[in-house]
Structure formats: structure tokens, C-alpha cells
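Coordinate inspection notes
Listed here are the chains, written in short residue letters.
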Protein chains: 2
Amino acid sequence: MDFSDRLIEAIRQKQSRVVVGLDPHIELMPRSILKGVDKKKRSDVARAVERFCLGIIEAIAETAIAVKPQVAFFERLGPAGYEALEAVVAAARGRGLIVISDCKRGDIGSTAAAYAAYHLGLANPTNGELAGLQADAMTVNPYLGEDSLMPFVEFLSKGRGIFILTKTSNPGSGDLQDRLLHDGTRQMALYSAVGELANRLAHRFSIGKFGYSSIGLVVGATHSAQANELRATFPQLIFLIPGVGAQGAMPADVLGCFDKQGLGAVVNASRSIIFAYRDSSAPDRWQESARNAAISLRNELNSAIFGR
Amino acid sequence: MDFSDRLIEAIRQKQSRVVVGLDPHIELMPRSILKGVDKKKRSDVARAVERFCLGIIEAIAETAIAVKPQVAFFERLGPAGYEALEAVVAAARGRGLIVISDCKRGDIGSTAAAYAAYHLGLANPTNGELAGLQADAMTVNPYLGEDSLMPFVEFLSKGRGIFILTKTSNPGSGDLQDRLLHDGTRQMALYSAVGELANRLAHRFSIGKFGYSSIGLVVGATHSAQANELRATFPQLIFLIPGVGAQGAMPADVLGCFDKQGLGAVVNASRSIIFAYRDSSAPDRWQESARNAAISLRNELNSAIFGR
């Protein structure tokens, strides 16, 4: 089934646009998770990361539509980190969550194909293929051009999605992404050119039954003017929006990214949900804090969108 | 010791500019390596990949200055693939080869820091840090801007290097990289803007005793006009040049990237070296074929450079 359709059905069923980012910073995890953990041992830390992420998944499974594991924090732990990542993805899928592998991969030819096959391939294939992570979607970097994206796009027909980095949430995203391209008579920012590339691929390969493509854009909530511009230009691309919460953006900043039915975007928050316990009066109840933070974000987004 | 200095001393000592790309395509590996391997089992394939790469390292250690493991082919195999990658990097370092982790990572803040710490961090740290891959250098993607590069740049003071994707070797690299930026009175291609960003960082952080920076550029041999332009503009950045061999470029295409002393660039070849046995009359002598192919490339490059 088409990825965009699955995502939209999850939004409708759960009445939620919340994606929970799994960014297991070792230093921020609860004391109870780190008890007895040798912080110099990757296998020890990896098991703690896995326990923590599984606890978060349990806590937010009813409220969030998706989790977005940040692959860097797992890769930091080497082989044991990838074992934890695979366990976390399997657990999330088992709880009915959509999984977006936030790995920002980008490479050429057979190399890009290897990344795609790992992140989007089946975990228990019966067709003779090697096992993969079986994420539902992954983030990809467009710098290498259209041919570098094709091995990822090929997975759309298998119900997978990709989110192309377009206008990222970090302060320095403008260094290249905001640069103005001079293209005959037109002038546009690089991020718009990336949007055009994504849009062209979307229309060539995949528009789902709700009118959205399984090729989406990563657009930071911290840059709402650019987000609104991209939204107006590319009405059929779903935005994956990071930057709400710890990075400083508010639900109100992302309103322009949603259509009248409240579709067209999903909002990721990581630290403000998974480490919400750190600001609470009961730091031992980290799961409850995460659940409450996810519920708050879900409700704030819905109120803002449907209160327009 | 400064990465650029180490690289240049290796070039001088070995009289070689050859980097061997370790791209262990499963389907292209020698029959003797694949004997008894269950191609559906990641751990089986990972052990075969490790055996193959160790055999290649043995074969080319005297001829090449560096190996460049293509991380995607290891990641494809999940946790077992990262185990193989770590064993391959350790073996290459043990043979005195410089290791460039070709992972093309790029992310923001603490996430980029996690990637940097893994790929460039010590394999056996005694300072309480988690173990890393301990590559000498890694490839990074600039699309997210200067702040996204800083966590990698911070490793320069530890003797590490980075190569920033600038003008890549694939046919579609022009889709974004060749787009013309309109910048007040100046007009330049996006790849030049990336070069400027790299050059600014290079001069802020690191110029080695030979006058080169440990921040280099990835510049495809398949685009020699752009390579020559970048060379002229940024004389202190070392180019990591893929695209020679299987991708179609010849040693003559990259001559413009070298200074009068034959420094300033290193040339990567992957398939044309590691799978040279496939074109030989003795397909069982895959190590000998790889050695001979590496020697040929070394000699062709040196003849071309010093015969100018």
C-alpha cells in the first residue's frame, strides 16, 4: 500500500500529526535506564538505548503516528548500535507505528541502492534478499542530483516513502539552501530547486489516493516563511517538519504547512517529548512525561489547525 | 599529526597517489571468497566481505596510500556489516594505510557530532570515550551548511581529515551542483560555493606544513573542466578524485588537479582494481590482479604527472 496513503490513514485514525524523534542522547537518558551501564562499553550503552526507545514507543504508541529514529545515535555505538536500531524499528512496527529512518543518506548508483535496500528492505525477506531494517520511509540528501535519488524512489512501488532534505531546521541551513539560483529568466532559492526536483519525481512516480506523493520534503519549522512558500508551490508533497520543541519553533509556526483538512505535513519533536521528564517534578516517570508531552503536542497542533 | 601532512608524506614515501576503493559488491566477489557462503545470511556475507577486503588490503598495501571503504556496502549487512567494516579499517591501519570512510554523512548539531565521533573516534580509547571506527578521514555532505560541518571540522585538531562532496562523479551531479548562483555582482556554480565554504573553513582551521588543508574536496574525474576550475580557485585544498576506471575517466583527465610537485590530489579507483580479476585470464588470482591494477594506475598517474 502506498506510503502516503498509509501515513494519511494513520493521521485520520489517530487524529494526530505527531512524529516522535528517537534521539537517544546518552547523557540525557533517565537514571533508571542508565543504572549499571558502563558508559565506556558500546554494547552496554546500546542495550540501554534500546530499553529507553522501547519504553518511549510504549508510551507514545497511541498518540504518535510515527517514530523517527535518528540513525547517528545508533551508528555511534557501532555494530551493537545497529542491533539496537533494528530491535527498536521492529518494536515500533509491532506497535503499529510508521517508522521513518532519519539517516540522511545520499550516494550514487549501486551505493545508493545498498543504502535503500538496507533501510527500506524487508526485515524477514522470503524472496532470497538479505534482511533490511524495514523502515517505512527514510530521509535522503539531494546534493548528488536526481540519479542519486532514483534507487530510493524505486522503493515507492513497495509501499515505502522518502523525505528529501529541502530546507533544514538548523541556523546554517541558509548557507547553501537559501542561495539564489539564476535560471534564465527565473530566480529561485536552491531549496526551491530541490522542491522542483522532488515534485517532478513525485508526479512521475507516485501520487496516492489522497492526492499526496510518497516523496516528501524535510522542511524545518524554524523557517516558516520558506515553509509557507514551499507549501504553496508544491501542494502534493508531504512535509516532514522538524524543529518544533527544543529547537525553538511553536505549533503556530507550522500551520501554513497543512491543508484545509489538516493534511500535508507531519511534525517531529524529539527531545521535548522523549526527555520531557527532565523538566517534570517526577523525573522517574519518564514514560508518563513522554506520553503527556506527545499528547500536548498532538492537541496543540490540532487546536491550531482546526481553530484557524 | 596533521592529516594533510600524513597524506602527503605517504604520497612521497610510496610515490603513489592511488586510493583503493573498497566497494565489496557481493555479486562481483571471487568464487573462492563466496564458497560455502549463504547469500541470504548477512553474517555469512559479512564474513566474506571481510575476507575479501583483507585480501585486497594485503595485495595493495605497498602500492596504494589509502583505502576508501564504501560504508553503504557494509551498512547493507546490518550489525554484522559494521563488524566487518571495523575489522577492515583496523587491518588497513595495521598495514600502514590511511583510511577514508566514504560515508557521505551530513547532519546537524549533536547528530553530526555523533557521526563524527563514530567515524573519526579512536577504536581503543583510553580517555573514557566510546570506541569509534578510527578512520583517518571521512566524506561529508555540505547541503546542510557550515554549522553542520563544524562537528567534523573539530576532529582536524586530532589529526583527522574531511573531504566535502563538491562536484561528484555521477552523471546527475549537475542537477544541483552546476546550478548558477546569483550573488550580487558575481555568478558562480553551486559547486564553487561549496568550494568557497570549504576554503574558508580550511584557512580558519587548518593548513599543514606542506601548504595543504586537512579539509579537502571530492571532485569527480568525470568532470575535468570543473575540476580544473576548482583547482585553480582553491590551490590549498586536496582533491579526492573518484571516477577513474569503471566510471570512465582516464588518468589524463585528472592531470590538472596536481601541482608541479605532483601533490594536491589523490585518485580513487574501486571496481577497476578490486575486481580486476574479472577481466584477467586467471580469475582465481584475484589478489595478484588487484595488485597489478593498482601498480598500473600508480605508474600511469606518475608518468602522466611527471611527463607533463
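Report on the accompanying structure. (Residues numbered from 1 in each chain as written. Chains lettered and ligands numbered in written order. Predicted model: local features only at pLDDT ≥ 70, side-chain atom pairs only at ≥ 80, totals over all residues. Heavy atoms only, no water.)

**Brief notes about the pairing of strand S4 (residues 137–140) of chain B**
All names here are of chain B. Taking every second residue as pointing to the same face, both faces of S4 are buried, with Ala137 and Thr139 on one and Met138 and Val140 on the other. Inspection of the sheet shows strand S3 (residues 98–105) paired to S4 by three bridges, in the parallel sense. Bridge assignment links Ser101 to a residue of S4, and that residue is Met138. Inspection of the sheet shows S4 paired to strand S5 (residues 161–167) by four bridges, in the parallel sense. Bridge pairing links Met138 to Ile162 in S5. Handedness of the crossover joining S4 and S5 through helix H7 (residues 146–153) is recorded here as right-handed. (Buried < 20%, exposed > 50% of the residue type's maximum accessible area, 1.4 Å probe, protein only. Helix = DSSP H or I, 4+ residues; strand = E, 2+ residues; numbered from the N terminus. Pairing = 2+ DSSP bridges. Right-handed = clockwise from strand over helix to strand, strands pointing away.)

**What to know about the interface of chain B and chain A**
The interface is formed by 69 residues belonging to chain B together with 69 residues belonging to chain A. In this assembly, chain B packs against chain A so that about 5700 Å² is buried in total across both faces, 58% of it on carbon and sulfur atoms. Three residues stand out in chain B for area buried against chain A, namely Arg76, Leu130 and Tyr143 of chain B, and they jointly supply 16% of the buried area on that side. Remark: the boundary between chain B and chain A carries six salt bridges. Notably, a salt bridge pairs Asp107 of chain B with Lys104 of chain A, separated by 3.0 Å at the nearest N-O pair. Between the two partners, chain B and chain A, sit 35 residue pairs in polar contact (both at pLDDT 80 or more). By residue number, the principal contributor to the side of chain B that touches chain A is helix H6 (residues 109–120) of chain B, which donates seven residues. Residues that form the side of chain B that touches chain A fall into these classes: 29 nonpolar, 22 polar and 18 charged. (Contact = heavy atoms within 4.5 Å. Buried area = accessible area lost by both parts, 1.4 Å probe. Salt bridge = Lys/Arg side-chain N within 4 Å of Asp/Glu carboxyl O. Polar contact = N/O pair within 3.5 Å; in protein donor to acceptor, adjacent residues only side chain to side chain. Nonpolar A, V, L, I, M, F, W, Y, C, P; charged D, E, K, R; others polar.)

**Digging into the sheet that holds strand S2 (residues 66–69) of chain A**
Residue and element names in this part refer to chain A. Read around the barrel, eight strands follow the order S1-S2-S3-S4-S5-S8-S9-S10 and close on themselves; strand pairing throughout is parallel. Direction aside, neighbouring strands of the sheet carry axes that sit 30° apart on average. Here strand S1 (residues 18–22) runs beside S2; their pairing, made up of four bridges, is parallel. When the sheet's bridge partners are listed, Val20 is paired in S2 with Val67. Docked against the sheet, helix H1 (residues 3–14) engages strand S3 (98–105), strand S4 (137–140), strand S5 (161–167) and strand S10 (265–269), running at close to 130° with respect to S3. (Axes fitted to C-alpha atoms, helices over the stretch in contact; angles between N-to-C directions.)

**A short note on H7 of chain B**
With seven of eight residues buried, H7 of chain B is to be regarded as a mostly interior element. Considered for burial, the residues of H7 of chain B that qualify are Glu146, Ser148, Leu149, Met150, Pro151, Phe152 and Val153 of chain B.

**A short note on the pairing of strand S7 (residues 186–189) of chain A**
Along a regular strand, successive side chains alternate from one face of the sheet to the other. All names here are of chain A. Bridge count for strand S6 (residues 180–183) against S7 is four bridges, and the pairing is antiparallel. Within S7, the position partnered with Leu180 by the bridge is Ala189. Linking S6 to S7, which pair antiparallel, is a turn of two residues; within it Gly184 sits at a positive phi near 65°.

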